[in-house]
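So you can see what is in the structure, the chains are spelled out below.
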Amino acid sequence: MCGIAGIIHRGKSSNVGGEMTAMLQALKHRGPDSTGYAVYGEGGDPKDYIMRIKVAEAEDRKTGHGVHKLIADRIARVDEILAEHGAKVKSKEAIREYALRYVLSHDGDTAAMATHIEEDKGTEILSMGNGLELIKDLGDASDVAGAYGLNDFTGTHGIGHTRMATESDVDIKSAHPYWAFPYNDISVVHNGQITNYWIMRREMERKGHRFQSNCDSELLAVYTAHNLKNGMSLEDSLKKSISEIDGVFTYLVATKDQLGMAKDTMAAKPLVLYESDDLIAMASEEVAIRAILPQEIDTYDPYDEEVRVWQA
Amino acid sequence: MASVSDADLKKMSQEERVTALGMRTEQLTGKTLYIEFDPEAEERFTYPWAPDVDFNKRTEIDTDDMTTTEVNAKIRDLMGEGYGTIVLKNPRGKHSLGVGILSRLNLIIEGSCGYFGVGLIDGPNVRINGRVGWSCGENMMSGTIVIEKNAGSTFGAALRGGDLVCRGSVGSRTGIDMKGGTILVGGDTGALSGFMMQRGRMVVCGNAGKNLGDSMYDGTIYVGGEIKSLGVDAVEAELTDLDKKWLTRKLTQYGLMPQKGVDHFTKIVAGKQLWNYDNLEPTEKKLIL
Amino acid sequence: MADGSPTQKKPIGRDTYRLGDSFIFPPRVIDDIHVKAELGRYRMRGFSLFKKIPHWDDLTFLPGTLTRFVIEGYREKCETKTVIGPRAKRPLELDIPVYITGMSFGALSYEAKTALARGATMAGTATCSGEGGMIPDERRFSSKWFYQCIQSRYGFNPNHLILADGCEFFIGQGCKVGLGGHLMGQKVTDQVAEMRSLPAGIDQRSPARHPDWLGPDDLALKIQEIREATDWQIPIQLKLGAARVYDDVRMAVKCDPDSIYIDGMEGSTGAGPHLATEDTGVPGIAAIRQARKAIDDLGKRGEISLVYAGGIRNGADVAKAIALGADAIAIGHSAMMALNCNKDIPEANYPEEIGTEPGHCYHCHTGRCPVGVATQDPKLRERLDPDAAAERVYNFLHTLTIEAQLFARACGKTNLHSLEPEDLAALTMEASAMAGVPLAGTNHTVGVADYHHL
């Protein structure tokens, strides 16, 4: 039960960080619990990866002073594992005590490395990819963007989310977007609820995928990752989800150079679309699009079972 | 009442059943009529303020830096001062603009509104030179709303009266639970339009999505374009001359007359099978599986 | 004899031909299957829950003896004033913590609706319109009146909304959580149909979802819309059926209403599928504690009120619900019993008219209520004298209050709202686990280490 937003510039970079912040701030009332971004920069050397991790949860931080040592230990362990897999840390930045951004150079199996890092229960990789920067934390868009220095981020496209917790907890691991672990550069935001979640989740777990939270939206990320890994195109995966996933949902998927949306058969979750030659913007409410495009524009609602994919 | 048995009732037609159950001779019982009202209690039953406005008195509000509450309070104040024509500039997708106006007024919104635009109104004439979000004109009692661009889902939900016009396309569930009035759509409409419609008329000049008129109790839907599929208990009916006359008049009134005229419209009405689900034959009960 | 051969002499209470009664298929279950096989659909009925669940009777009060100073039972002041929605410009102030919940005109007769309104006004408390719009006389007789904004929006009129002292969003009802209302054709008279813009005599099945908002994110905007339309004057209340209570209430709080109303599975209906009423929802003793926790966890205690309804029969139930965390109590079915529901009045002939004995009637859905409460038939309606009925409603509401005060005073409280879970003990393990209070005579609360800080 949330607000979602997405933006994609065709063939040029722009200040997507600032644009997403303005859009998500306008959607604050739809989800006061947490805010998240997945924004995509230019991406340089294919062997360079940006990895964002968090090593403590909201409830850990309530436990007292012991948590500082715990956090330090977990970070040390991450550094050890990176070294073990031959990844070279180009830069390491602690944005918050528990949230870090690494720039790595790695020529090997990133999936194996990611799995190894997540063996430590408290550590979660929020995202890894050439261009993807995934940021999520408790609070509204301006808090999160301010803390993570996102307002000046330049890139081609991005998706974002403001969350109102339904049946799972208010914490970072249940915040959106979800990265499609361990596949580079895929992220998902979702508004709605999935009512065959546990059936689908057990199916995905049997196929070897991991889940970090009990949030139904994580399933969409895993599901998309599973399909893409098996050679399906993003568009086909979105189409297939409409018949396989029960409930009501509108969700956005971003990959390194694409942005896709899908709306379920009940069309119960809102999305407003604005399309022009060089910019496509979408959000749960028009007010978010208006936050970045004050001039008179034409917008419309996608219909039920509609699937769209845009190329950056 | 005891004189009518269940078996007898089942044999009767709808009309006969209603009469046999005493529903046509509605009256209050003797005892009730003797109650005297407490004169002071009448205070609880005063209808709201209805300002006398002059349509020629016109003013503008720049809503850019105002909250919805401030805008609505300002509209009320201006109506109290007798302004009959109010223009809202820069609405920028704000929600709940102009809701709950229960008096005549010309309201012009220069731009797009968010959710619940001008819902719960009784009387005003509204023109929106932009787009509206979900549930525009929700529960409108009377008046007109004309939207120049597209509209979101649940357009005219539970509409009870008046004319609700969108020149562009609208989202899904248009006219859901509609109880009267008229909805006119220049473009297309999405799935489940006219869902559980009770009364009133809905005209869609473009195409309609799937499950059109699902579970409708009554009312009429006219569609100019393609219909993806009809919902449960919605059936096609013959377009009569009277329908054509009415369509011509309404569409001309709002400048939505298609080039092809009105002869190609499809008319959808309730099949009325679900009216008394309990009395369906066993095979018919699968209707709503 | 020993091999089971027939005999004339049978020991009393022993039938050697019978191996036993089936607990899986007792006679009533077999009858039920026979009826459904004929009918081809679910069975409709009125009334509340038929089956046994842990409920109010499984809790007991622990009044003061030597450890506490008790308040003099029938003399000393024990405050009963209750405020719903303190943040609104015009909060709903009730003299007593109990009010009459929404029951539609249509399900109930005109006489029943006005009698409830007059009784409540005499007691200084509120009534609610229920589905199907306002009947002017109900508003006229009610000093405090909730207007219900229900999924179907039957008869919803902004002109009437302005007249209300509170607006209640109906989202679910305890007795059939997740389903819409029902009004069978027999009760959809010309007048009722006209108020609801429906054809007369149809079987009316209300929608289960609101037409204009489809999720809690949209609900927050809908609440804003109603607030704008009523100039932020009146409290907005959300009525939820008790199901996933903690999560539901947490979301409801985030939509920022002034009050949240939880309806336990004990709640009643005028018409609903029998199985839906039996097998949906959670009991009130579990629901209140969870709802209270959700509101408190989000720091909204004292800002958002909690109203409970469902299975409240007497003052002890009222006091127990308040002790578990409710701010106010709404009653429906017991108020109808005060009107005469299931009473053997001289004018009525239960066996002949509806085929059951008084005390066993659950035929509200047929519209042939023998006491003139749940009917639209003019002849049956004459059996309810609104003047006497209003007085009975007042008497019942007043009694509920003084009974509840009795427990509060005995526990040493000068305010009814000072009752807390610590004033209760549970009589069964189930009740202890659900209500989160210790098993009587022990320090053991089932499933909880520290019941003071749930």
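The paragraphs below set out a description of the structure included in this document. (Residues numbered from 1 in each chain as written. Chains lettered and ligands numbered in written order. Predicted model: local features only at pLDDT ≥ 70, side-chain atom pairs only at ≥ 80, totals over all residues. Heavy atoms only, no water.)

## Focus: the interface of chain A and chain B
Interface extent is often summarised as the accessible area lost during association of the parts. Test applied: We call two residues in contact when some of their heavy atoms are within 4.5 Å. Buried area, as used here, totals the accessible surface that two parts lose on assembly, with accessibility defined by a 1.4 Å probe and the loss added over both. Salt bridge, as applied in this entry: a Lys or Arg side-chain nitrogen positioned within 4 Å of an Asp or Glu carboxyl oxygen. In protein, a polar contact means a hydrogen-donor-capable atom and an acceptor-capable atom, both N or O and within 3.5 Å, with residues adjacent in sequence counting only if both atoms are side-chain atoms; elsewhere, any N or O pair within 3.5 Å suffices. Counting from the N terminus, the helices are the DSSP runs of H or I reaching at least four residues and the strands are the DSSP runs of E reaching at least two.
Contacts between the two partners involve 25 residues from chain A and, on the opposite side, 24 residues from chain B. Carbon and sulfur atoms supply 43% of the area buried between chain A and chain B, which totals about 1800 Å² over both sides. The interface formed by chain A and chain B includes six salt bridges. In this structure, A:Glu286 engages B:Arg131 in a salt bridge whose closest nitrogen and oxygen atoms are separated by 2.5 Å. Taken together, the links from chain A to chain B amount to 19 residue pairs in polar contact (both at pLDDT 80 or more). Ranked by residue count, the leading element in the side of chain A that touches chain B is helix α9 (residues 286–292) of chain A, at four residues.

## Considering the interface of chain B and chain C
The condition is simple: When residues are grouped by polarity, Ala, Val, Leu, Ile, Met, Phe, Trp, Tyr, Cys and Pro land in nonpolar, Asp, Glu, Lys and Arg in charged, and all others, Gly among them, in polar.
Listed per partner, the contact involves 64 residues of chain B and 78 residues of chain C. Summed over both sides, the interface between chain B and chain C buries roughly 6100 Å², with carbon and sulfur atoms accounting for 56% of that surface. Connecting chain B to chain C are four salt bridges. Taking the shortest distance from any N to any O, the salt bridge between C:Glu194 and B:Arg199 comes out at 3.3 Å. Residue assignment for the side of chain B that touches chain C shows that the elements contributing at least two residues are α1 (6–11), α2 (14–20), α3 (30–33) and α4 (68–80) of chain B. The biggest single contributor to the side of chain B that touches chain C is α4(B), with four residues. Across the side of chain B that touches chain C, the residue classes break down as 29 nonpolar, 18 polar and 17 charged.

## What to know about the pairing of strand β11 (residues 247–254) of chain A
For a regular strand, the rule is simple: side chains alternate between the two faces of the sheet. Residues and elements named next belong to chain A. Let me state the cut-off plainly: Only protein chains enter the area calculation, which uses a 1.4 Å probe; residues under 20% of their type maximum are buried, those over 50% are exposed, and those in between are partly exposed. A strand pair is defined by DSSP finding two or more bridges across the two strands.
The element β11 is largely enclosed, with a buried count of eight among its eight residues. Across the two faces of β11 the burial is the same, with Gly-247, Phe-249, Tyr-251 and Val-253 and Val-248, Thr-250, Leu-252 and Ala-254 all buried. Where strand β10 (residues 187–194) meets β11, eight bridges bridge the pair, whose relative direction is antiparallel. By the bridge assignment, Gln-193 is partnered in β11 with Val-248. Note: β11 against strand β12 (residues 258–263), five bridges, orientation antiparallel. In the sheet register, Thr-250 faces β12, and the bridge partner there is Lys-263. Remark: three residues form the turn of the hairpin made by β11 and β12, two consecutive strands paired antiparallel.

## Some details on unusual backbone geometry
All names here are of chain A. The omega angle of the peptide bond from His-176 to Pro-177 is -10°, so this bond is cis rather than trans. Following Phe-181, the chain continues into Pro-182 via a peptide bond in cis, with omega recorded as -10°. Along the polypeptide, Pro-182 turns up in the loop between β9 (178–179) and β10. Positive phi values are uncommon outside glycine, yet Glu-305 reaches one of about 60°.

## Looking at the packing of aromatic side chains
Residues and elements named next belong to chain C. Spelled out, the test is: Working definition: a ring pair exists when centres of Phe, Tyr or Trp rings (six-membered ring for Trp) sit within 6.5 Å. Plane angles under 30 degrees give stacked, over 60 give edge-to-face, the rest tilted.
Under the defined criterion, the tally for this structure stands at 13 aromatic pairs over all chains. An angle of 70° between the planes, with centres 5.6 Å apart, marks the rings of Trp-56 and Tyr-308 as edge-to-face. With a gap of 252 residues between them, Trp-56 in the loop between β1 (44–47) and β2 (59–61) and Tyr-308 in strand β14 (residues 305–309) connect regions that are remote in the sequence. Here Trp-56 falls in the buried class, since its relative accessible area comes to 0%. We classify Tyr-308 as buried; its relative accessible area is 1%. Aromatic side chains Tyr-147 and Phe-156 sit 5.0 Å apart centroid to centroid with 20° between the ring planes, which places their arrangement in the stacked category.

## What to know about helix α6 (residues 197–206) of chain A
All names here are of chain A. Rules: What the arc covers is the set of directions going from the helix axis to the C-beta atoms.
Every buried residue of α6 is accounted for by Tyr-197, Met-200, Arg-201 and Met-204. Angularly, the buried residues of α6 cover 100° about the axis, an arc narrow enough to put them on a single face. Exposed side of α6, more than 90 degrees from the buried face: Ile-199 and Arg-206 are the residues found there. In this structure, the buried side of α6 is in contact with β10, α7 (216–229) and α8 (234–244). The first or second residue beyond α6 is Gly-208, which carries a positive phi of 95°.

## Re the environment of A:Asp79
Residues and elements named next belong to chain A. Along the chain, Asp-79 turns up in helix α3 (residues 66–84). Distance from Asp-79 to Gly-36, taken between C-alpha atoms, is 25 Å for residues 43 residues apart in sequence. Apart from residues no more than four positions distant in its own chain, Asp-79 is found in contact with Lys-92 and Tyr-102.

## Here we look at the side chain of A:Asp301
Looking at where A:Asp301 falls in the secondary structure, it is placed in the loop between α9 and β15 (307–311). Within the structure, A:Asp301 has its side chain in polar contact with the side chain of B:Arg131 (distance 3.2 Å). Once you skip the residues sitting within four places of it in the chain, A:Asp301 turns out to touch A:Leu271, A:Val272, B:Arg131, B:Trp134, B:Gly152, B:Ser153 and B:Gly171.

## Describing the nonpolar core
As a reminder, the rule being used: Here the nonpolar core consists of buried residues drawn from Ala, Val, Leu, Ile, Met, Phe, Trp, Tyr and Cys, with membership extended through side-chain atoms lying within 4.5 Å.
Core analysis: the biggest nonpolar cluster contains 112 residues, and C:Leu59, C:Phe169, C:Val249 and C:Ile262 have the highest contact counts within it. Here this core gets seven residues from one element, more than from any other, and that element is helix α14 (residues 386–410) of chain C. If we ignore the near neighbours within four places in the chain, the residues touching C:Leu59 are C:Ile285, C:Lys320, C:Leu324, C:Leu424, C:Ala425, C:Ala426, C:Leu427, C:Ala431, C:Ala435 and C:Val437. Core analysis: the second largest hydrophobic core is formed by 71 residues, A:Met20, A:Tyr40, A:Tyr102 and A:Leu150 among them.

These figures capture arrangement, not role.
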